[in-house]
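# Commentary on secondary and tertiary structure
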Amino acid sequence: MRTTIASRVGLAVIALLAGFAASAQEGKQIYEQKCAMCHATGLAGAPRPGNAADWAPRLKAGKAVVYRNAVQGTPRGMPPKGGNADLAESSLRAAVDYMIGGATVVTKPAVPKLPEPPIARAPVPEAAAQKPPAQPPVAPAAPVVAAAAAAPVAVASATRVATASAANAPEPGSGAAESNAFNRLLKPIGRRNLPPAEDGIHDSSVDGTLQLQPPLSAFSSMPRSNAGNRVDWVKALAEKKIAPRWERDKADAAATVMDLNIVREVKGSMPDVVYPHKQHTEWLDCSNCHPAIFAPQKGANQMSMAAILLGQGCGTCHGRVAFPVSECRLCHSKKKDAAASTAASSAGQGK
Amino acid sequence: MQRTFARPGKWIALAITLLAAALAAGVQDAGAEYGDVVMNTYSTPAGMRPVVFPHWFHRVRFRCKVCHGDLGFKFQAGGNQINMLKIIDGQFCGACHDGGVAWSVENCNLCHSGAPGTPTQVHESTIQKLVAPGQPQAAAGAKK
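Attention here is on the structure that accompanies the text. (Residues numbered from 1 in each chain as written. Chains lettered and ligands numbered in written order. Predicted model: local features only at pLDDT ≥ 70, side-chain atom pairs only at ≥ 80, totals over all residues. Heavy atoms only, no water.)

## Structural notes on the overall build of chain A
What chain A contains, in helices and strands, is 17 helices and three strands. Per-residue burial for chain A yields a buried fraction of 38% across its 351 residues. Of all intrachain contacts in chain A linking residues separated by at least 6 positions in sequence, the fraction that spans at least 24 positions is 54%. Per element, the accessible surface of chain A, about 18,900 Å² overall, is 60% carbon and sulfur. (Helix = DSSP H or I, 4+ residues; strand = E, 2+ residues; numbered from the N terminus. Buried < 20%, exposed > 50% of the residue type's maximum accessible area, 1.4 Å probe, protein only. Contact = heavy atoms within 4.5 Å. Areas by Shrake-Rupley, 256 points an atom, 1.4 Å probe, with all protein chains shown as cover.)

## Description of the environment of His-318 of chain A
Along the chain, the position of His-318 of chain A falls in the loop between α15 (305-309) and α16 (328-331). Take His-318 of chain A: its relative accessible area is 16%, and that puts it in the buried class. Separated by 90 residues in the primary sequence, His-318 of chain A and Gly-228 of chain A have C-alpha atoms spaced 9.5 Å apart. If we ignore the near neighbours within four places in the chain, the residues touching His-318 of chain A are His-280, Phe-323 and Pro-324 of chain A together with Tyr-34 of chain B. Only 2.9 Å separates the side chain of His-318 of chain A from the backbone oxygen of Phe-323 of chain A, close enough to count as a polar contact. (Polar contact = N/O pair within 3.5 Å; in protein donor to acceptor, adjacent residues only side chain to side chain.)

## Details of a nonpolar patch on the surface
Together, Met-84, Ile-88 and Val-105 of chain B make up an exposed nonpolar region whose accessible area comes to about 250 Å². With respect to the helices and strands, the residue Ile-88 of chain B is situated in helix α4 (residues 84-88). (Patch = residues over 30% accessible without salt bridge, like charges linked within 9 Å, V, L, I, M, F, W, Y side chains within 5 Å. Salt bridge = Lys/Arg side-chain N within 4 Å of Asp/Glu carboxyl O.)

## Let's talk about helix α3 (residues 63-72) of chain A
Residue and element names in this part refer to chain A. Buried residues of α3: Val-66, Tyr-67 and Ala-70, and no others. Take α3 and look down its axis: the buried residues cluster within an arc of 100 degrees, on one side only. Pointing more than 90 degrees away from the buried face of α3 are the exposed residues Ala-64 and Gln-72. Immediately downstream of α3, the backbone of Gly-73 shows phi near 85 degrees, a positive value. (Arc of directions from axis to C-beta.)

## Some remarks on the interface of chain B and chain A
Facing 56 residues of chain B, the contacting portion of chain A comprises 60 residues. Taking both partners together, chain B and chain A bury about 5,300 Å²; carbon and sulfur atoms supply 60% of that area. The tally of links between chain B and chain A comes to three salt bridges. Here Asp-203 of chain A ties to Arg-49 of chain B by a salt bridge, and the two come within 2.7 Å at their closest N and O atoms. Taken together, the links from chain B to chain A amount to 25 residue pairs in polar contact (both at pLDDT 80 or more). Contributions of two or more residues to the side of chain B that touches chain A are made by α1 (8-25), α2 (55-61), α3 (64-70), α5 (108-111) and α6 (126-130) of chain B. The residue makeup of the side of chain B that touches chain A, split by class, is 29 nonpolar, 14 polar and 13 charged. (Buried area = accessible area lost by both parts, 1.4 Å probe. Nonpolar A, V, L, I, M, F, W, Y, C, P; charged D, E, K, R; others polar.)

## Points about the side chain of His-39 of chain A
Residue and element names in this part refer to chain A. Turning to its location among the elements, His-39 is positioned in helix α1 (residues 2-39). Residue His-39 is classed as buried on the basis of its relative accessible area, which comes to 9%. Side-chain polar atoms of His-39 contact the backbone oxygen of Pro-47, separated by 2.7 Å. The residues contacting His-39, other than those within four sequence positions of it, are Tyr-31, Ala-46, Pro-47, Arg-48, Pro-49, Met-78 and Met-99.

## Quick word on helix α2 (residues 52-59) of chain A
Residues and elements named next belong to chain A. Three or more residues of α2 are buried, namely Ala-52, Asp-54 and Trp-55. All buried residues of α2 lie within an arc of 155 degrees about the axis, which places them on one face of the element. For α2, the capping residue at the N-terminal end is Asn-51, with a side-chain oxygen 3.1 Å from the backbone nitrogen of Ala-53.

## Here we look at the packing of aromatic side chains
Considering all chains together, one arrives at six aromatic pairs over all chains under this definition. Aromatic side chains Trp-233 of chain A and Trp-283 of chain A sit 6.5 Å apart centroid to centroid with 80 degrees between the ring planes, which places their arrangement in the edge-to-face category. Taken together, the residues span a long stretch of sequence, with Trp-233 of chain A in helix α12 (residues 233-238) and Trp-283 of chain A in the loop between α13 (277-281) and α14 (286-289) at a distance of 50 residues. Each of the two residues, Trp-233 of chain A as well as Trp-283 of chain A, counts as buried. On the numbers, 5.1 Å between centres and 65 degrees between planes, the contact of Phe-73 of chain B with Phe-92 of chain B is edge-to-face. Placement of the pair is Phe-73 of chain B in the loop between α3 and α4 and Phe-92 of chain B in the loop between α4 and α5, with a sequence separation of 19 residues. For the pair Phe-73 of chain B and Phe-92 of chain B, one class covers both residues: buried. Members of the aromatic cluster, connected to one another through ring pairs, are Phe-219, Trp-233 and Trp-283 of chain A together with Trp-56 and Phe-57 of chain B. (Phe/Tyr/Trp six-rings, centres within 6.5 Å; stacked < 30°, edge-to-face > 60°.)

Encoded structure:
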């Protein structure tokens, strides 16, 4: 009797899986392509796949609400459709299912040790989600999970037997994916130029925060760059995309521009630095830099990248508001004349 | 400002140490805009939220020279000792935020909109990224 029930349950699960296998696979795929960027590491509080603690509070309101939040976005940082406007809602739901699917497996104390293929895990939640509290930890869970694995990946159960004893085996989809996430430390595209209410330093409960202009609304018409605000400010000014005032209360006062390039020969193999007065005097007054930051005399200012990194010299602005030092070639832009640089360095110059 | 670059080795060593500390401690993931300045010299002790100054917003509308030249803002977060009396008196922010060039001081929450207790800092600055999270950022952001 017991065995028949067990086998029926098993069959039912297999049938269910056959139906869901396609969407589960899709969910995994979508997750890895679109969602993992934030969700794998839990960036800015994004719920991580396979992390029950992350998902439990969100699932309290029901799965429909989770789906809706995925589509519409949340003020806590989830962009609408994760920033992929062209994603079909069914695909989005499959990805959500895939991520929640991991959570239910982790809630069961016996299972996390088993390296379970993510494909098998995804469809389980519907069946298992209601049960976990009632389930005794190991015994009844085992046949269900075994059956689950059997359908989509025949090899999986064999693999499990082989690796079941390895207690510390990493869980694919959560542990492994997190540590090997692509561009792990970079700010993903969806997290750049956030509106004030979501940027992490504003208090989103204040009315003032909500009245402030979101950066993207200003930047969308401006030329792009690869660092800082991701705006090329010099180009924006040159192309008249913006018209910043030169005088506080006069809209039409013209800047006093000085066109003089200073070439600084540098040690080592980097190209020499060309300092353009023109681009700087479009924005700044002579007195902003001279004489406090730079003595107005060629060769009088010693510089090093280390000092600039720490906010000295060029680092007063570059690395704070102007483009940061990651953009090496914007300054180191003059190819060295090989013969001249050899002579210079042997003569003990080259500052 | 003093330029003491006589011993570049010292600076390089310091930079490497800071970089190592940053890598060991991980990188912060707040999403604020590059160059946003949080000013919290007087706000928190006075029971106000800190001020967030969006550099990008002002840069769209004014050249650097207007504030950093004409109005006397130093290139230093926390280095200007701005308070409401000076602003109402027409100094610093008050040169424009007077109801003339820009909206005036009764819109408290437009400036004082920072998350409570956020320390003075230049957000996303290189030096902020070099210093391990958890260390006083006021010092890092304010240091020249």
